[in-house]
Amino acid sequence: DRNRNLISPMPHHTRRLDALSLPLRVTVKGPANESDFALSYVMDVLEDHEQDIARKLKSLDWDAFKNVGLSTGTYDSNDITESVSEIKEMETTVHPVQLTLENVPAGYRLSVEDRASVLRFVKELIEDNIDDQFQLIKVAYAGSENNPSIDGKTRGDDNPSTNSNPSSLASLHKNNGRSLLTSRRLDSISLPLQITVKGSSDFSDFALSYVMEVLKDNMQDLVRKFKSLDWDTFKNVLISTSSYDPDSISEPSLEMVDMEETEHPVQLIFKNVAAGYRLSAEDRASLIRFVKELLEDNLDESMELIEVAYAGTQSLRSLQHTRRLDTLSLPLQITVKGPANRSDFALSYLMDVLEDNKQDLVKYLKSLDSNAFKDVKISSQSYDLPSITTGPEAEMVVMTESEHPVQLTFNDIVAGYRLSAGDQASIIRFIKELLEDNIDESLELVQVAYAGRDGNRSLLSHNRRLEVLSLPLRITVRGPADESDFALSYLMDVLEDNKQDLVKYLKSLDSNAFKDVKISSQSYDLPSITTGPEAEMVVMTESEHPVQLTFNDIVAGYRLSAGDQASIIRFIKELLEDNIDESLELVQVAYAGRDGNRSLLSHNRRLEVLSLPLRIT
């Protein structure tokens, strides 16, 4: 636990070592009379696969492991635990490291987004290169949130200069919402960092110099990172590292900042949406996540985004449009935390950020549905929060569940076609998805279930001489109580409107059987299907059957892995489900070997026969 990469702390490796050791504890379960041979057997297996391990190491780092040689051996576990106890005392330390960028064109402004990208890169660079005796905890920006221009110097100026604090978020917007690390007269940028590491207390005094050495050794990677952000600006950049007095940066800002959480109502309006388009609950959630990420990437760092939540009523989760509307609205509650003296400007600032980045939002909408949103135009506005969440309509809504009998009839089926249990279940799942995508969002689809007799869960009204299949369903929905009387006819209308999609799905199952299929829907008397005299005669029982599969003439030495054994059993289960008579229900196909060794089959390197004992219920 104290050594992230599990490399033994006994010979801690550095850049000057050319040997690594990896002590392992390998635990196996097997016959008691073979336990004395288990260690040598495990080591034999590892030796047999040394080339596989070498390939894995080379895939991690070709240069480091291109000439690697492997060996295995045993060790005294006490040697390892004693060594670990010697470095048991770990300490977390915070180190001030400042990156200084020289030869930057005067007037360049490092955006908040680019600064965050640089911090992530520095974190990854250190993680990839520090010795395993250290664990990198955090790389954080150490500048004042109210004073983002730290240690900026004009060439030849010995005195630090800072920009004055902006008086409001409005002034930040005039600077394109960016925190300035430099003014137009500066040609150097300073980036103060706080780097937190965890390591042995014996080495904590050396951690700062070590971290700075790692950065220096990898400075060219850091230079390339800056050039990837802006080639023209950083093409001649020189980067150096130094320490700084953290009190000179962090303490003044702590005294000045009074933070406050505020909630802001923002409604996004999507115009010119294809008529009839319906935004699904899943797409709405995806869209809200994108808005959250967009704000997180673009807000000034003096402001923290807490939450972006949908602001519609619980009874009308996302119903902001009908089939005749070509405008969608998405009311949101956006919660942020920032300086109290700027809270009055936060709403307009949030809307400005959304306006500045609306093209990204347009692209995301088109990725959801390029046809529906091909001409979309986006605007944002504030709204009266109570008018959406606590209006009289919300108070009047009483939700109830109702169950509706709907029978689908498939006419003109090829004579003799038999619908398998797997295909029937697949059709029912498709109908469920079709309804979820198309029913009004004032309704919640609870369940679509087969309504045949309990004694014969998949027996449809067909046999080899019939050319008509019927599929009786129970469809359960939850919605406003005063609309429950209309739900059945509404569900049948939805199925009727979308029956061509169902026809296409049937043809995808069997293009020959369903090539001329015609679909109709109707209601039925639920008891007439579930409680007929035949149902009274059916007595169901479970039975378990021992079946052993034997595989002969197997290549000598082949060993069937536990994963492949499980895969074979799953295949046999699917094969039986697809082919057994529908008066039978397959409950389970289980491996019947010894409990102590669930995947040990009757073979070894000298056998050419595998056996697979099963219990089929």
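Residues numbered from 1 in each chain as written. Predicted model: local features only at pLDDT ≥ 70, side-chain atom pairs only at ≥ 80, totals over all residues. Heavy atoms only, no water.

### Examining the environment of Lys499
Turning to step 1, where the next piece is worked out: Mapped onto the fold, Lys499 is located in helix H18 (residues 499-509).
Turning to step 2, where the next piece is worked out: Between the C-alpha atoms of Lys499 and Lys518, which are 19 residues apart in sequence, the distance is 9.1 Å. (Helix = DSSP H or I, 4+ residues; strand = E, 2+ residues; numbered from the N terminus.)

### Brief notes about the side chain of Thr409
Turning to step 1, where the next piece is worked out: Along the polypeptide, Thr409 turns up in strand S9 (residues 399-411).
Turning to step 2, where the next piece is worked out: By relative accessible area, Thr409 is classed as buried at 11%.
Turning to step 3, where the next piece is worked out: Each residue touching Thr409, except ones within four places of it in the same chain, is listed here: Val468, Leu469, Ser470, Lys518, Ile519 and Ser520. (Buried < 20%, exposed > 50% of the residue type's maximum accessible area, 1.4 Å probe, protein only. Contact = heavy atoms within 4.5 Å.)

### Re the packing of aromatic side chains
Note on aromatic pairs: each is described by the distance of the centres and the angle between the planes.
Turning to step 1, where the next piece is worked out: Within the structure shown, the criterion is met by five aromatic pairs.
Turning to step 2, where the next piece is worked out: Between Tyr417 and Phe514, the aromatic rings sit 5.2 Å apart at their centres with planes inclined by 70 degrees, giving edge-to-face as the arrangement. With a gap of 97 residues between them, Tyr417 in the loop between S9 and helix H16 (421-438) and Phe514 in the loop between H18 and strand S12 (518-523) connect regions that are remote in the sequence.
Turning to step 3, where the next piece is worked out: Here Tyr417 falls in the buried class, since its relative accessible area comes to 12%.
Turning to step 4, where the next piece is worked out: Judged by its relative accessible area of 0%, Phe514 falls in the buried class.
Turning to step 5, where the next piece is worked out: Taking the ring centre of Tyr141 as reference, the NZ or CZ of Arg115 above it sits at 3.7 Å.
Turning to step 6, where the next piece is worked out: Stacked on the ring of Tyr310, the Lys or Arg Arg284 has its end atom at 4.0 Å from the ring centre. (Phe/Tyr/Trp six-rings, centres within 6.5 Å; stacked < 30°, edge-to-face > 60°. Lys NZ or Arg CZ within 6 Å of the ring centre and 35° of its normal.)

### Section: the pairing of strand S11 (residues 469-480)
Turning to step 1, where the next piece is worked out: Burial analysis of S11 places 10 of its 12 residues in the buried class, the great majority of the element.
Turning to step 2, where the next piece is worked out: Looking at chain direction, S9 and S11 are connected through 12 bridges and run antiparallel. Pairing of Ser402 across the sheet is with Val477, part of S11.
Turning to step 3, where the next piece is worked out: Judged from the six bridges that link them, strand S10 (residues 444-450) and S11 form a sheet pairing that is antiparallel. In the sheet register, Glu444 faces S11, and the bridge partner there is Arg478. (Pairing = 2+ DSSP bridges.)

As far as function goes, none of this settles anything; it's purely spatial.
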